[in-house]
Every structure is written in structure tokens, then in C-alpha cells.
Amino acid sequence: MSSLIKTTSISESQNIFFKRYSKSRSNLVEFLMNYNNALDGQRSNNNRLEYLDFNTIPTLKTNSALEKHASTIYSDSGFKLIQSEIEEAVDNVTMVTVSNIGENEIYVVNDKFSKNWTVSYSTSFDSYACSCKMFGRIGLVCSHIFWVLRNKKIKLIPNELHGGRWLKSKFVKAVHCGFDDDIETFIVADETKQEYRDMHGDFYDIARLIEGDSDKIRAFRQIMAEGRKEVLGEGNVLSISEKRLMIENFYGSHVPSQIDVHPPDVIKTKGCGRRLSRLEKEMREMSKPGRKCGKCGEVGRHDSRNCDKIHEENNKKKRRNQC
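Residues numbered from 1 in each chain as written. Predicted model: local features only at pLDDT ≥ 70, side-chain atom pairs only at ≥ 80, totals over all residues. Heavy atoms only, no water.

The next thing to look at is the pairing of strand β2 (residues 104–110). Counting buried residues along β2, six of its seven residues qualify, which places the element largely inside the surrounding structure. In terms of strand pairing, strand β1 (residues 94–101) meets β2 through seven bridges, oriented antiparallel. In the strand pairing of β2, Thr97 is matched with Val108. With antiparallel pairing between neighbouring strands as the criterion, β1 and β2 make up a hairpin whose turn holds two residues, including Gly102 at a positive phi of roughly 65°. By the bridge criterion, seven bridges tie β2 to strand β3 (residues 116–122) in an arrangement that is antiparallel. Across the sheet, Asn110 pairs through a bridge with Asn116, a residue of β3. Turn length for the β2-β3 hairpin, with the two strands adjacent in sequence and antiparallel, is five residues, and the turn residue Ser114 shows positive phi of about 60°. (Buried < 20%, exposed > 50% of the residue type's maximum accessible area, 1.4 Å probe, protein only. Helix = DSSP H or I, 4+ residues; strand = E, 2+ residues; numbered from the N terminus. Pairing = 2+ DSSP bridges.)

This is the structure we're talking about:
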């Protein structure tokens, strides 16, 4: 996956996606399980889109042979973008000038915004380039190059203009190797993957057929619930020993007979505990032993700094009692 993250925006998109499946307080096992669930969700969505790409017949909007060819090689989302560019080339793009410079043919075309763009065709390398740089930015052929292809009576999109991101088949090599056209278009999958794809296709085929019929949908859901209980064994209550054995098999280790590592003891940190009432504070102060004042020499609850203040308050209390 690291080879696919090439910009900050893609990295942020991946972070947002994985945050839906992970929590900040998850342990390592929960993180790995959530990570696998996220990848399974991506694979399931990818399989669904592949099924739609290979079983959906796109609607053509022009009589161009290039559009027919694009509908067979591009995915559904990529074909919609390519189709808009072909429509633009047919309806709004016009030629301004054409010239030859060495082995290059230079076409200056005008679009619906009255802007001029330069398309160059190299006869020696059989390659096309446009000044709008759309193919270099997002991997899709622009309307200006499509106009040149139609002008040259080309019915198939050249291989060097296919790109790799929007195609139905996989053109990606191993990690960090980029795109390459010399590898096989379809990779032979093993039997398990083929069975999974067939199951996926059957499910979406049935879902498409019973769409809108509530009775059939309800019956199909009941069949799936019964099959889930039968295949996954849901609803069976496991004993304590079976649960322990299942957990040990999952972690790959047995429970030790003697546990040496224990949770730390709870300590009383600063500021913890409840607040004492006024009476409780006075009782706690009275329980403490008294100390000798350095000024008056008496043993009490004061010292030399507040000796005069304490004596003055005691004298006031005596006067009140005498009155």
C-alpha cells in the first residue's frame, strides 16, 4: 500500500478510512483484527466494482469508434470521464492550424472556452502530447488528443494512451515498480479466489433479479441467515474449556500455570480522595500532638508567627463568655 500513497491528500484519505475501523485504546490484537476488516472491506468493494465493470453495458452517446473501444477497456467511472472528453472533441473542439516540424506534427486546436491548445504527434515514436497535460496529471486522454485521433481516422485508442489507473484489468507490477504493459492482462487466480469471485457474482446477480420484490427479498434474507448459522456455527454456546481453547489457538500460546507479571498496585496520587468537612478537619487537627511555641513557651496549635493573633482571639472569647 505504501507504493500507492504518493501525495498528502491520498495519505490523509487512507488515515480517515482506517480511523473508521480502529480505536485509540485498542491493543495489538484488536488493531490487527480491525486492520484486516478494513482490507476485507476494500477487497469486497473492489470485487463489487469489478463485477459491475464486466457485467454493465455502458450507453454510448456518439458514433465514434474511439468511444466504443473506450467502453471495452476502461472501468465504469473512467469511461464516464473519457466519454465526456470524446463528446467535447466531437462537438466543441476545432482546428486552428497544423504544421510539421521535423518528425513532429503540430496541431493547434480551440476548445469551447476559446482557448488554444497545442497537440504534438511524433511520427518516429508514435506518441501524442498535449499542452494541457491532462494525461500526465490524471491518466486520461483529453478532448484535444481525441480530436487529433478522429482527424487521423484512428479507430482504436493507442496503447501508450491507455494509462493504468482507469483500466478494467490490472497493470500494476510489484511494489515500487510502477506500471508496465509487458505483463499479462489477467493473472490466473487460485481455485479459492475463483470460487470467492463466483460467489460474489452470484450474490449480486440474485440481488439484481429480486430488486423491488419484498417477499423474495425477505425469503432470500432468511435463507442467508440459516446458511450463516450452518456454515459459521453461530448460535452454538461454547463451554468454558472450548472458549479457552479457541482463545489459545487464536493467540498461538497456552495460559501459563504461574503468572509473574501482575497489574501495578493502585497508589494514592496528589489531589486524589474526597474533601473533608470542617468538623472532620478540626477533629484531625485535634488528634495531632501539639508543639511548643517559641515566643510564649506554651504547648498548643500555634507558633511564634501567629502567637499574638491566637492570644488576641482567646482573649476576645473570654470577654464574650464573661459578658
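Right, let's get into the pattern of salt bridges. Counted by the stated rule, this structure contains eight salt bridges. In this structure, Arg43 and Asp40 form a salt bridge, with 3.3 Å as the shortest nitrogen-oxygen distance. Residue Arg43 and its partner Asp40 are located together in helix α2 (residues 28–55), separated by three residues, close to a single helical turn. With relative accessibility at 47%, the residue Arg43 sits in the partly exposed group. Taking relative accessible area as the criterion, Asp40 reaches 43% and is therefore assigned partly exposed. Across the pair Asp76 and Lys80 runs a salt bridge, and its minimum N-O distance is 3.6 Å. Here Lys80 and Asp76 lie together in helix α4 (residues 76–91), a separation of four residues that amounts to about one turn. For Asp76, a relative accessible area of 32% translates into the label partly exposed. Residue classification places Lys80 among the exposed positions, given a relative accessible area of 51%. (Salt bridge = Lys/Arg side-chain N within 4 Å of Asp/Glu carboxyl O.)

Moving on to the layout of surface pockets. Considering only enclosed or pocket space, the second largest pocket measures out at about 260 Å³ in volume. Together, Tyr196, Met199, His200, Asp202, Phe203, Ile206, Phe220 and Met224 line the second largest pocket. Ranked by the residues each element gives to the lining of the second largest pocket, the list is headed by helix α7 (residues 191–209), at six residues. Residues that form the lining of the second largest pocket fall into these classes: six nonpolar, one polar and one charged. (1 Å grid on protein atoms, 1.4 Å probe; cavity = no way out; pocket = protein on both sides within 12 Å on 5 of 7 lines; lining within 4 Å. Points joined across faces, edges and corners; volume = space filled by probe spheres on them. Nonpolar A, V, L, I, M, F, W, Y, C, P; charged D, E, K, R; others polar.)

So, about the nonpolar core. Grouped together as the largest cluster of nonpolar side chains are 29 residues, with contacts concentrated most on Tyr74, Ile82, Ile145 and Phe146. Of all the secondary structure elements, the ones that give two or more residues to this core are α3 (65–73), α4, β2, β3, β4 (127–130) and α6 (143–151). Top contributing element to this core by residue count: α6, with five residues. Aside from chain neighbours lying at most four places away, what touches Ile82 is Ala70, Tyr74, Leu140, Val141 and Phe146. (Core = buried A, V, L, I, M, F, W, Y, C linked by side-chain atoms within 4.5 Å. Contact = heavy atoms within 4.5 Å.)

A complete count under the given rule lists one cavity of 30 Å³ or more for this structure. In this structure, the largest cavity occupies an estimated 70 Å³ of space. In this structure, the largest cavity is lined by Leu52, Asp53, Thr56, Pro58, Ser71, Tyr74, Ser75, Asp76, Phe79 and Lys168. The class makeup of the residues in the lining of the largest cavity is four nonpolar, three polar and three charged.

A few words now on α2. For α2, with 28 residues, the first-to-last C-alpha span of 41 Å sits near the 40 Å given by 1.5 Å per residue. The N-capping residue of α2, defined by a side-chain oxygen 3.3 Å from the backbone nitrogen of Val29, is Asn27. (Expected span 1.5 Å × (residues − 1). Polar contact = N/O pair within 3.5 Å; in protein donor to acceptor, adjacent residues only side chain to side chain.)

It is worth spelling out the UniProt feature "domain: SWIM-type" (unreviewed entry) in the protein chain at this point. Under the local residue numbering, the UniProt record ascribes the feature "domain: SWIM-type" (unreviewed entry) to residues 121–153. With 42% helix and 18% strand, residues 121–153 has end C-alpha atoms that lie 14 Å from one another. (UniProt positions renumbered as here; feature names shortened; annotations may be inferred.)

The next thing to look at is a nonpolar patch on the surface. A cluster of nonpolar side chains, Met33, Ile247, Phe250 and Tyr251, forms an exposed patch at the surface whose accessible area comes to about 430 Å². Element by element, the count of residues in the nonpolar patch is highest for helix α9 (residues 240–251), at three residues. As for its position among the elements, Ile247 is in helix α9. Given the relative accessible area of 46%, Ile247 is considered partly exposed. (Patch = residues over 30% accessible without salt bridge, like charges linked within 9 Å, V, L, I, M, F, W, Y side chains within 5 Å. Areas by Shrake-Rupley, 256 points an atom, 1.4 Å probe, with all protein chains shown as cover.)

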